[in-house]
Amino acid sequence: MTPKRIVYFLCFLVVIIAFNNCSGGFTAIDVVDIASTSSQCREKIVQKAASLAVAPELCENPINYQCDLRHFRPGVGSETSQAVYCVNVAGMGEACIPVNIFNYDTSAQQKDAEAAQMVEGGSYNRDEVSCVNTQVTTRGISMIQAEGNTVSSTLETAIDSCRQRSRQ
Amino acid sequence: MKSVIMMSLLALIFADTAHAHSRLKASEMIKIRGNDPGIKIGPCGGLARVTPAVINPGSTITVYWEETIYHPGRFEFYFSEAGDQNFVLLKTIQNNSQGTPLPHQFNTTLTLPTKTCDNCTLQMIQVMTENPNNPTNYYSCADMQLKSATNNPDPTPTPTDPTTPTPADPDCH
């Protein structure tokens, strides 16, 4: 082993020892259980991280986004599936993202619902979309979230929101 | 017993016939804000306040709600003393109704704060966890005024509570 390599090795050892002593070792970040944490608590955690910088490249990579699409419509069944949606996004070009699709058959609601609830866009005849950036997170919670009616518009909202954060 | 029957009848009389994915049901104690079902924008969908229910501070009231489309997740109940701000979590109820006939009917008791307030709000959030990493919400609000009055209706004891309550806001730091 050359003296140069010995120096490198010693430096490496110093870094490892310092890391274990000063950071509490290789412990996991304080990630919350998103599903069981109250919505208010999630909101507080995201607000706390509002001043953190976001790297612009995290906003520009389509692979960092993921959407949930909920169909509330008569006759759609109750299956859950995954698909890849490709949409054109300004400044990004074609973005292909994974989408979780949840179907809720509202046929049973037809008999009791008001007419307005069954027309296109009514609460029993519409789509709801939620998109997140899975890489811009704090304690495991996405700081970039958007909701809307279509995958393309909701994804664009999420990307815009991410870009605005990265410019702060 | 008489008051229980009376309150049940009143709840039926005041119950709104419109349906939502899930929302609070109107009653003498619960003056719901608007009829728009499936509100996706918090805290109350931007809806104007309604004439509030006048309730004694510290009362325990029974809240009724229904779900017409099942979503895994839970119902969170919050209270704001003024201006739809600074909501405090009162109670969380897990949604254990999967597989039972729709619409799902729920009720629970809530103990309100002991302080008086003129423009207070009870908020229910349905947290849907189909995707556990990206929960989404529906919102429903009711307007209240907490003040001592001799002619306020007595808070109703709840006969049954089929849901499972969980501790309020655990480990939020």
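Residues numbered from 1 in each chain as written. Chains lettered and ligands numbered in written order. Predicted model: local features only at pLDDT ≥ 70, side-chain atom pairs only at ≥ 80, totals over all residues. Heavy atoms only, no water.

**Looking at the overall build of chain A**
Okay, so step 1: Along the backbone of chain A there are 5 helices and 7 strands.
Okay, so step 2: Of the regular secondary structure in chain A, the N- to C-terminal order runs α-α-α-β-β-β-α-β-β-β-β-α.
Okay, so step 3: Looking at chain A as a whole, 42% of its 168 residues qualify as buried.
Okay, so step 4: Of all intrachain contacts in chain A linking residues separated by at least 6 positions in sequence, the fraction that spans at least 24 positions is 64%.
Okay, so step 5: Accessible area of chain A: about 9500 Å², with a carbon and sulfur share of 58%. (Helix = DSSP H or I, 4+ residues; strand = E, 2+ residues; numbered from the N terminus. Buried < 20%, exposed > 50% of the residue type's maximum accessible area, 1.4 Å probe, protein only. Contact = heavy atoms within 4.5 Å. Areas by Shrake-Rupley, 256 points an atom, 1.4 Å probe, with all protein chains shown as cover.)

**Some thoughts on the pairing of strand β1 (residues 65–73) of chain A**
Residues and elements named next belong to chain A.
Okay, so step 1: Burial analysis of β1 places 9 of its 9 residues in the buried class, which makes it a mostly covered element.
Okay, so step 2: The alternating pattern of β1 places Tyr65, Cys67, Leu69, His71 and Arg73 on one face and Gln66, Asp68, Arg70 and Phe72 on the opposite face, and all of these are buried.
Okay, so step 3: Here β1 pairs with strand β4 (residues 126–133) via 8 bridges, running antiparallel. Its bridge partner being in β4, arginine 70 is matched across the sheet by glutamate 128.
Okay, so step 4: Examined bridge by bridge, β1 and strand β3 (residues 93–105) share 7 bridges and lie parallel to one another. Looking at β3, one finds that arginine 73 is bridged to aspartate 105. (Pairing = 2+ DSSP bridges.)

**Side note on the confidence of the model for chain B**
All names here are of chain B.
Okay, so step 1: Taken over all residues, the pLDDT of chain B has a mean of 82, while the share at 70 or more is 72%.
Okay, so step 2: Under a pLDDT of 50 for its full length, residues 4–20 has, in the predicted model, 29 contacts with residues more than four places off or in other chains.
Okay, so step 3: Both scores are available for the predicted complex, with the pTM at 0.80 and the ipTM at 0.79. (pLDDT = per-residue confidence, 0-100.)

**Here's the deal with the sheet that holds strand β4 (residues 60–67) of chain B**
All names here are of chain B.
Okay, so step 1: Spatial ordering of the open sheet is given by β1-β4-β7, a layout of 3 strands whose pairing is antiparallel. Every interior strand has two partners, whereas the edge strands, β1 (22–24) and β7 (104–111), have only one. Between one strand and the next, the sheet's axes are offset by a mean angle of 25°, whatever the strand orientation.
Okay, so step 2: Direction of pairing for β4 relative to β7: antiparallel, over a ladder of 8 bridges. Within β7, the position partnered with valine 63 by the bridge is threonine 108. (Axes fitted to C-alpha atoms, helices over the stretch in contact; angles between N-to-C directions.)

**Thoughts on the nonpolar core**
Okay, so step 1: Counting residues in each nonpolar core, the largest one holds 30 residues, and the members touching the most others are Tyr65, Cys67 and Leu155 of chain A.
Okay, so step 2: Among the secondary structure elements, those contributing two or more residues to this core are α2 (39–48), β1, β2 (80–89), β3, β4 and α5 (151–167) of chain A.
Okay, so step 3: Beyond its immediate sequence surroundings of up to four residues, leucine 155 of chain A is in contact with Tyr65, Cys67, Val87, Val89, Ala95, Ile97 and Cys131 of chain A.
Okay, so step 4: Counting residues in each nonpolar core, the second largest holds 24 residues, with Ile61, Phe75, Leu122 and Leu146 of chain B among its members. (Core = buried A, V, L, I, M, F, W, Y, C linked by side-chain atoms within 4.5 Å.)

**Some details on the layout of surface pockets**
Okay, so step 1: Considering only enclosed or pocket space, the largest pocket measures out at about 860 Å³ in volume.
Okay, so step 2: What lines the largest pocket is a set of 32 residues, and nearest its centre among them are Ser39, Glu43 and Gln145 of chain A together with Asn137 and Tyr139 of chain B.
Okay, so step 3: Those elements that provide at least two residues to the lining of the largest pocket are α2, β6 (141–142) and β7 (145–148) of chain A together with β8 (117–128) and β9 (136–146) of chain B.
Okay, so step 4: Taken together, the residues of the lining of the largest pocket break down into 12 nonpolar, 13 polar and 7 charged.
Okay, so step 5: Of the voids in this model, the second largest pocket is the one considered here, and its volume is about 300 Å³.
Okay, so step 6: Forming the boundary of the second largest pocket are 16 residues, of which Ser78, Asn103 and Tyr104 of chain A together with Ile69 and Tyr70 of chain B lie nearest the centre.
Okay, so step 7: Here the lining of the second largest pocket is composed, by residue class, of 6 nonpolar, 7 polar and 3 charged. (1 Å grid on protein atoms, 1.4 Å probe; cavity = no way out; pocket = protein on both sides within 12 Å on 5 of 7 lines; lining within 4 Å. Points joined across faces, edges and corners; volume = space filled by probe spheres on them. Nonpolar A, V, L, I, M, F, W, Y, C, P; charged D, E, K, R; others polar.)

**Section: the environment of tyrosine 139 of chain B**
Residue and element names in this part refer to chain B.
Okay, so step 1: Inspection of the secondary structure assignment puts tyrosine 139 in strand β9.
Okay, so step 2: By relative accessible area, tyrosine 139 is classed as buried at 13%.
Okay, so step 3: When the C-alpha positions of tyrosine 139 and proline 113 are compared, they lie 21 Å apart, and in sequence the two are 26 residues distant.
Okay, so step 4: Sequence-distant contacts of tyrosine 139, defined by excluding residues within four places in its chain, comprise Ile39, Lys40, Ile41, Gly42, Pro43, Gln123, Met124 and Ile125.
Okay, so step 5: A polar contact of 3.2 Å, which involves the side chain of tyrosine 139, links it to the side chain of asparagine 137. (Polar contact = N/O pair within 3.5 Å; in protein donor to acceptor, adjacent residues only side chain to side chain.)

**What to know about the state of the cysteines**
Here a disulfide denotes one covalent bond, and it connects the sulfur atoms of two cysteines.
Residues and elements named next belong to chain B.
Okay, so step 1: One pass over the full model with this rule turns up 5 disulfides over all chains.
Okay, so step 2: Covalently, cysteine 117 is tied to cysteine 120 through a disulfide, its sulfur atoms 2.3 Å apart. A torsion of 100° about the S-S bond marks the disulfide between cysteine 117 and cysteine 120 as right-handed. A single burial state applies to cysteine 117 and to cysteine 120, both of which are buried. (Disulfide = S-S within 2.5 Å.)

**Brief notes about the interface of chain B and chain A**
Okay, so step 1: Contacts between the two partners involve 34 residues from chain B and, on the opposite side, 34 residues from chain A.
Okay, so step 2: In this assembly, chain B packs against chain A so that about 2700 Å² is buried in total across both faces, 44% of it on carbon and sulfur atoms.
Okay, so step 3: For the pair chain B and chain A, the number of links is 3 salt bridges.
Okay, so step 4: Counting the contacts that link chain B with chain A gives 15 residue pairs in polar contact (both at pLDDT 80 or more).
Okay, so step 5: Elements supplying a minimum of two residues to the side of chain B that touches chain A: β5 (73–80), β6 (88–94), β8 and β9 of chain B.
Okay, so step 6: Residues belonging to the side of chain B that touches chain A are distributed by class as follows: 17 nonpolar, 12 polar and 5 charged. (Buried area = accessible area lost by both parts, 1.4 Å probe. Salt bridge = Lys/Arg side-chain N within 4 Å of Asp/Glu carboxyl O.)

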